[in-house]
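Structural features, examined
Listed here are the chains, written in short residue letters.
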Amino acid sequence: MHKENSTQNEVDSLMFQKDLETMPRRELEALQLERLKWAVGFCRDNIPFYRERLDKAGVTPERLKVLSDIQYIPFTTKDDIRDTYPFGMFGRPRKDIVRIHASSGTTGKPTVVGYTKHDLEIWSDCIARLCAAVGVTDEDMVQISFGYGLFTGALGLHYGLEKLGAAVVPASSGNTQKQVMLLKDFGVTGLVSTPSYALYIAEVARDMGVDPEKDLQLRVGLFGSEGCTLEMRDQIERDLSLFATDNYGMSELGGPGVSGECRFRQGLHVNEDHYLPEIIDPKTGEVLPAGEAGELVVTTLTREGIPMLRYRTKDITRLNYEPCECGRTFCRMDKTRGRTDDMLKIRGVNVFPSQIESVLVGMDKIGPHYQLVVRREGVMDTLEVRVELIDGSLLEDYSGLEQLQKQVRASLKTVLGIDCRVSLADPRSIERTAGKAKRIVDLRNQ
Ligand code: DLL
């Protein structure tokens, strides 16, 4: 979509809170400073953990004169939330908390987050903005295929979509044939899921003889909660015949709604009136200049249930403050490159799963599902890339198979700079999940 071709009304209809979303940057930054002072004062007054940290660092609201003074505030990490499990970082007494969610962490105790009524209102606004930005209106029916429960994805999108007036189909995740049936029978126009589950839904639809282009009315897809390269997005759009956007967030910051793409898809607009983003060097903690890639650090500016000051997300991205064609003034973050803790170090070279995904997806003869198996052989780490063949009969064509394997290996080597083992697996042999895909199998500690 190009702005020249769209009328002002069309542009306006893609905004839920136009005055806020298009606020001149100077005003926005003044608002952020005012809210930052509020957040620091709120944390000092209500949360012993923060009072101690801030006092030690000598930070008071009055001492924050300009936004860059944020650098004097100590970082908060996931361990801090774990150490105060379950409710030690809450900023309001129990009676004011109306919702609890928790991270999907697979090891140890989850990180728990709480919301006041005010937090839920703001959360819905942030989500409604991202949904409006992709063109969702009260005419739409949107199926939420994230798992409902402690995970923030489903209920977060649910209330934001309802606020926008869309009809929500709370399908939850799993039972994929039923998902396809609902999409078809209800004439659902929007889908919310992880990108990998969207691919799986498309696969099951084909098995059921449902042609998404002819038999479904899907128009838009709001995906998120895991990485999705441009190549993967193209594949989803082809498979489901819809327009897809990427949406980012994390439980510790309240869930989805931190940032998301508009129709121009030149980065994910950060809801900057509620979230103040910074990029730091993950090794030194030093704040990096605008435009440089590093770890995203986010401060919540309005949250009460569990406010976060300079939360280290571990996600690697970049911020772009150039104006966007859509008219929003909120800065945009790049699609995340990966997490600092997902980065594989193979023989001294940093490898992100997203780099591998962008090589594999869309290649002839292989499907979009993949898995990375990391092993330690002697003192060396090795990487095996498992990817599925689209047509299983190729497994009988030894020379064809070998040629394809060589081709995949060479393409990966060009991008990664290291050699890896490539295994071409039977079609559909890599596990499908209804939530976040498990891409990395790390056998190094076994
Ligand atoms: O995944 C919140 C969410 C739900 C976001 C629905 C978007 C849509 P967690 O389970 O706590 O929360 O996982 C947070 O997932 O630090 C990123 O590493 C990753 N992540 C989330 N969104 C994206 C995205 C939710 N769009 C962690 N692209 C984050 C890449 C993402 N990674």
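Residues numbered from 1 in each chain as written. Predicted model: local features only at pLDDT ≥ 70, side-chain atom pairs only at ≥ 80, totals over all residues. Heavy atoms only, no water.

**Things to note about the nonpolar core**
Ranked by internal contacts, the top residues of the largest apolar core, which has 64 residues, are Leu36, Tyr50, Ile73, Val136 and Leu161. The element best represented in this core is helix α6 (residues 117–133), accounting for 8 residues. If we skip the residues at most four places from it in the chain, Val136 touches Cys131, Val142, Leu161, Leu164, Ala166, Arg219, Val220 and Leu222. By size, the runner-up hydrophobic cluster in this structure holds 50 residues, among which are Tyr197, Leu199, Ile236 and Ile440. (Core = buried A, V, L, I, M, F, W, Y, C linked by side-chain atoms within 4.5 Å. Buried < 20%, exposed > 50% of the residue type's maximum accessible area, 1.4 Å probe, protein only. Helix = DSSP H or I, 4+ residues; strand = E, 2+ residues; numbered from the N terminus. Contact = heavy atoms within 4.5 Å.)

**Some details on the site of the ligand**
Around the ligand there are 20 residues in total, and Ser225, Asp246, Asn247, Ser251 and Asp315 lie nearest to it. Out of a free accessible area of 610 Å², the ligand has 93% covered by protein chains. Breaking the shell around the ligand down by element, the ones donating at least two residues are α7 (152–164) and β7 (243–250). Per element, the largest residue contribution to the shell around the ligand is 5 residues, and it comes from β7. (Near = heavy atom within 4 Å. Areas by Shrake-Rupley, 256 points an atom, 1.4 Å probe, with all protein chains shown as cover.)

**Comments concerning the pairing of strand β3 (residues 141–144)**
Each regular strand displays side chains that alternate between the two surfaces of the sheet. As judged from the 3 bridges shared by β3 and strand β4 (residues 167–169), these two strands associate in the parallel manner. Along β4, the bridge assignment pairs Met141 with Ala167. Considered for its hand, the β-α-β crossover made up of β3, α7 and β4 is right-handed. (Pairing = 2+ DSSP bridges. Right-handed = clockwise from strand over helix to strand, strands pointing away.)

**Points about the sheet that holds strand β19 (residues 380–389)**
Think of a sheet as strands paired side by side through backbone hydrogen bonds, with each pair either parallel or antiparallel. Taken in spatial order, the 4 strands line up as β20-β19-β18-β21 in an open sheet, and their pairing is mixed. Edge strands, defined here as strands with exactly one partner in the open sheet, are β20 (421–425) and β21 (440–442). In this sheet, neighbouring strand axes are inclined to one another by 20 degrees on average, regardless of whether the strands run parallel or antiparallel. In the sheet, strand β18 (residues 366–377) pairs with β19 via 9 bridges, with the strands oriented antiparallel. Looking at β19, one finds that Arg375 is bridged to Thr382. Sheet strands in contact with helix α12 (residues 353–360) are β18, β19 and β21, and its direction is about 140 degrees off that of β18. (Axes fitted to C-alpha atoms, helices over the stretch in contact; angles between N-to-C directions.)

**Some points on the pattern of salt bridges**
Taken as a whole, this structure holds 34 salt bridges when the rule is applied. Ionic contacts of the salt-bridge type, sharing partners, join the residues Glu203, Asp207, Glu388, Arg428 and Arg432 into one network. (Salt bridge = Lys/Arg side-chain N within 4 Å of Asp/Glu carboxyl O.)

**Comments concerning the packing of α6 against α7**
One can describe the packing of α6 onto α7 by two numbers: an axis separation of 7 Å at closest approach and a directional angle of 75 degrees. Between α6 and α7, the angle falls in the class roughly perpendicular. Each of Glu121, Trp123, Ser124, Asp125, Ile127, Ala128, Cys131 and Ala132 in α6 lies in contact with α7, whose residues at this interface are Thr152, Gly156, Leu157, Tyr159, Gly160, Leu161, Lys163 and Leu164. Of the residues assigned to the contact of α6 with α7, the class counts are 9 nonpolar, 4 polar and 3 charged. (Parallel < 35°, antiparallel > 145°, perpendicular 65-115°, else oblique. Nonpolar A, V, L, I, M, F, W, Y, C, P; charged D, E, K, R; others polar.)

**Some words on the side chain of Thr229**
Relative to the helices and strands, Thr229 resides in the loop between β6 (220–224) and α11 (230–240). Judged by relative accessible area, which is 10%, Thr229 ranks as buried. Leaving out residues up to four positions away in the same chain, Thr229 has contacts with Ser354, Glu357 and Ser358.

**A word on the sheet that holds strand β10 (residues 275–280)**
Read across the open sheet, the 4 strands follow the order β10-β11-β12-β15; overall the sheet is antiparallel. Whereas interior strands pair on both sides, the edge strands pair on one side only; in this sheet they are β10 and β15 (338–339). Where strand β11 (residues 294–300) lies against strand β12 (residues 311–317), 4 bridges are found, and the strand directions are antiparallel. Counterpart to Val297 in the pairing with β12 is Arg312.

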